[in-house]
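If you want the building blocks of each chain, they are given just below.
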Amino acid sequence: MQTVLEILKKTEGYFAKAGIAAARLDAEWLLAHALGCKRLDLFLQFDRPLKEAELAPLREMVKRRARREPLQHIIGHVDFCGLRLTVGSDTLIPRPETELLVERIVEKLASPPPQRIADLGTGSGALALALASAFPSAGVHAVDASTAALEQARANAAANHLTDRITWHHGDWCAPLDGTFDLIVSNPPYLSQADWEAAEPEVRLFEPRQALVAEDEGCADLLTILEQARRHLKPGGLLALETNIDHHPRLLAAAAKLGYTDLQAEQDCSGRPRFLFLHT
Ligand code: GLN
């Protein structure tokens, strides 16, 4: 029988050969998931021998991960701003930088809190749900062009007891929305075709291309949103966007032309220009 530590080392080596960067960490997540314990609990049982029945569920998961299926698809969920979201192949896996976008919005809009919020291209519902949770008096309108994504987002809202304050809209960006908002947010597709081709297999082979890639060097959807959101923001409203790291000069020029004011560009956790905050 092999111990927890032996299995971890073996899986780590197998993952490293498959080109997985965080080989040890991913081995730990999968073994913890297979054993139904927390990752940190593994460290207390390194010498424990594992029974065949405990190892069986791990084997299939390890094979899937070695084929570069994302860890989050195998485990089935991701934690985002304190919420647990189910994720699958119909939506983008929420990223840590998008959690930072939520944090920055919450800091900026602490008082008065926004009452009407729109999330354009909600995907798994990550931004809509995190904002509904952060602003308990707000109504959130979540839009997506994919019915499969909306289904996923609805299920996530229900699982997090946030259904009451979210209205769902099927369509493109602002097209299905009525009225004006205090806050409009979006993490739209923003990779260029070349970025997508250079992306890791986890992204290219398992995440929906339509949630990742936009025309015009990745700028097309962001430019459409800038234009449409202008008419749907209240005076003094905020448009908060996640963007690619080479987009800011072009988007800031377009935003100034459209009459946005107080234009703020901010960086992600790795110091790369990633967010825009624009006011009306
Ligand atoms: N940050 C994501 C990636 O690099 C892209 C997200 C998006 O297109 N909105 O994979």
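Note: the structure precedes this text.
For clarity, every value in this text was computed on a predicted model and none was experimentally measured.

S.K.: How would you explain the sheet that holds strand 5 (residues 166–170) if you had to name every residue and give the values?
M.R.: Pairing is mixed in the open sheet, where 7 strands are placed in the order 5-4-3-6-7-9-8. Single-partner strands in this sheet number two, and they are strand 5 and strand 8 (261–267). Strand-to-strand, the axes of this sheet are offset by a mean angle of 15°, without reference to chain direction. Along the sheet face, helix 10 (residues 220–232) touches strand 3 (116–120), strand 6 (181–186), strand 7 (233–242) and strand 9 (273–279) and points at about 160° away from the line of strand 7.

S.K.: Could you give an account of the packing of helix 10 against helix 11 (residues 248–257), with specific residues and numbers?
M.R.: With their axes 10 Å apart at the nearest point, helix 10 and helix 11 run at an angle of 20° to one another. On the basis of the axis angle, helix 10 is roughly parallel to helix 11. As for how helix 10 packs across helix 11, the hand of that crossing is right-handed. Of the residues in helix 11, those touching helix 10 at Leu222, Leu223 and Leu226 are Arg250, Leu251, Ala254 and Ala255. Looking at the contact of helix 10 with helix 11 residue by residue, the class counts come to 6 nonpolar, no polar and 1 charged.

S.K.: How would you summarise the pattern of salt bridges if you had to cite specific residues and measurements?
M.R.: As enumerated under the stated definition, the model contains 21 salt bridges in all. Here arginine 95 ties to glutamate 207 by a salt bridge, and the two come within 2.8 Å at their closest N and O atoms. With arginine 95 in the loop between strand 2 (83–86) and helix 5 (96–108) and glutamate 207 in the loop between helix 9 (201–206) and helix 10, this pair connects stretches of sequence that are 112 residues apart. With relative accessibility at 23%, the residue arginine 95 sits in the partly exposed group. A relative accessible area of 6% places glutamate 207 in the buried class. The shortest N-O distance in the salt bridge between arginine 250 and aspartate 216 comes to 2.7 Å. Of this pair, arginine 250 sits in helix 11 while aspartate 216 sits in the loop between helix 9 and helix 10, and the two are 34 residues apart along the sequence. In this structure arginine 250 comes out as partly exposed when scored by relative accessible area, which is 37%. Judged by its relative accessible area of 39%, aspartate 216 is partly exposed.

S.K.: Before we move on, could you go through the site of the ligand and cite the residues and values that matter?
M.R.: Contacts to the ligand come from Leu92, Arg95, Glu97, Asn187, Pro188, Pro189, Tyr190, Ala211 and Leu212. Proline 188 is positioned with one of its backbone polar atoms (N or O) 2.7 Å from a nitrogen atom of the ligand. A distance of 2.9 Å separates a nitrogen atom of the ligand from a polar side-chain atom of tyrosine 190. When the free accessible area of the ligand is taken as 300 Å², the share hidden by the protein chains comes to 87%. Comparing atom positions with the cavity grids shows the ligand to sit within the largest pocket. Per-class residue counts for the shell around the ligand are 6 nonpolar, 1 polar and 2 charged.

S.K.: How would you explain the side chain of arginine 68 if you had to name every residue and give the values?
M.R.: Of note, arginine 68 is situated in the loop between helix 3 (52–66) and helix 4 (71–75). Here alanine 18 takes part through its backbone oxygen, which lies 3.2 Å from a polar atom of the side chain of arginine 68. At a separation of 3.0 Å, a polar atom in the side chain of arginine 68 contacts the side chain of glutamate 200.

S.K.: Which residues make up the packing of helix 2 (residues 23–35) against helix 3, and what values do they have?
M.R.: Two quantities define a packed helix pair, namely the angle between the axes and the distance from one axis to the other. It is the contact of helix 2 with helix 3, at a shortest axis distance of 9 Å, that shows an interaxial angle of 140°. Crossing geometry of helix 2 relative to helix 3 is assigned as right-handed. Contacts between helix 2 and helix 3 involve Asp26, Leu30, Leu31, His33, Ala34 and Leu35 from the former and Glu54, Pro57, Leu58, Met61, Val62 and Arg65 from the latter. Here the contact of helix 2 with helix 3 is composed, by residue class, of 8 nonpolar, 1 polar and 3 charged.

S.K.: Explain unusual backbone geometry to me, using residue names and the numbers behind them.
M.R.: Omega for the peptide link from serine 111 to proline 112 comes to 0°, which places this bond in the cis form. Note on placement: proline 112 falls in the loop between helix 5 and strand 3. Phi at arginine 68 is positive, roughly 75°, even though this residue is not glycine. Residue aspartate 216 is not a glycine yet carries a positive backbone phi of 55°.

Parameters and conventions
- Residues numbered from 1 in each chain as written.
- Predicted model: local features only at pLDDT ≥ 70, side-chain atom pairs only at ≥ 80, totals over all residues.
- Heavy atoms only, no water.
- Pairing = 2+ DSSP bridges.
- Helix = DSSP H or I, 4+ residues; strand = E, 2+ residues; numbered from the N terminus.
- Axes fitted to C-alpha atoms, helices over the stretch in contact; angles between N-to-C directions.
- Contact = heavy atoms within 4.5 Å.
- Parallel < 35°, antiparallel > 145°, perpendicular 65-115°, else oblique.
- Left-handed = near helix turned anticlockwise from the far one by under 90°.
- Nonpolar A, V, L, I, M, F, W, Y, C, P; charged D, E, K, R; others polar.
- Salt bridge = Lys/Arg side-chain N within 4 Å of Asp/Glu carboxyl O.
- Buried < 20%, exposed > 50% of the residue type's maximum accessible area, 1.4 Å probe, protein only.
- Near = heavy atom within 4 Å.
- Polar contact = N/O pair within 3.5 Å; in protein donor to acceptor, adjacent residues only side chain to side chain.
- Areas by Shrake-Rupley, 256 points an atom, 1.4 Å probe, with all protein chains shown as cover.
- 1 Å grid on protein atoms, 1.4 Å probe; cavity = no way out; pocket = protein on both sides within 12 Å on 5 of 7 lines; lining within 4 Å.
- Sits in = over half its atoms within 2 Å of the grid points.

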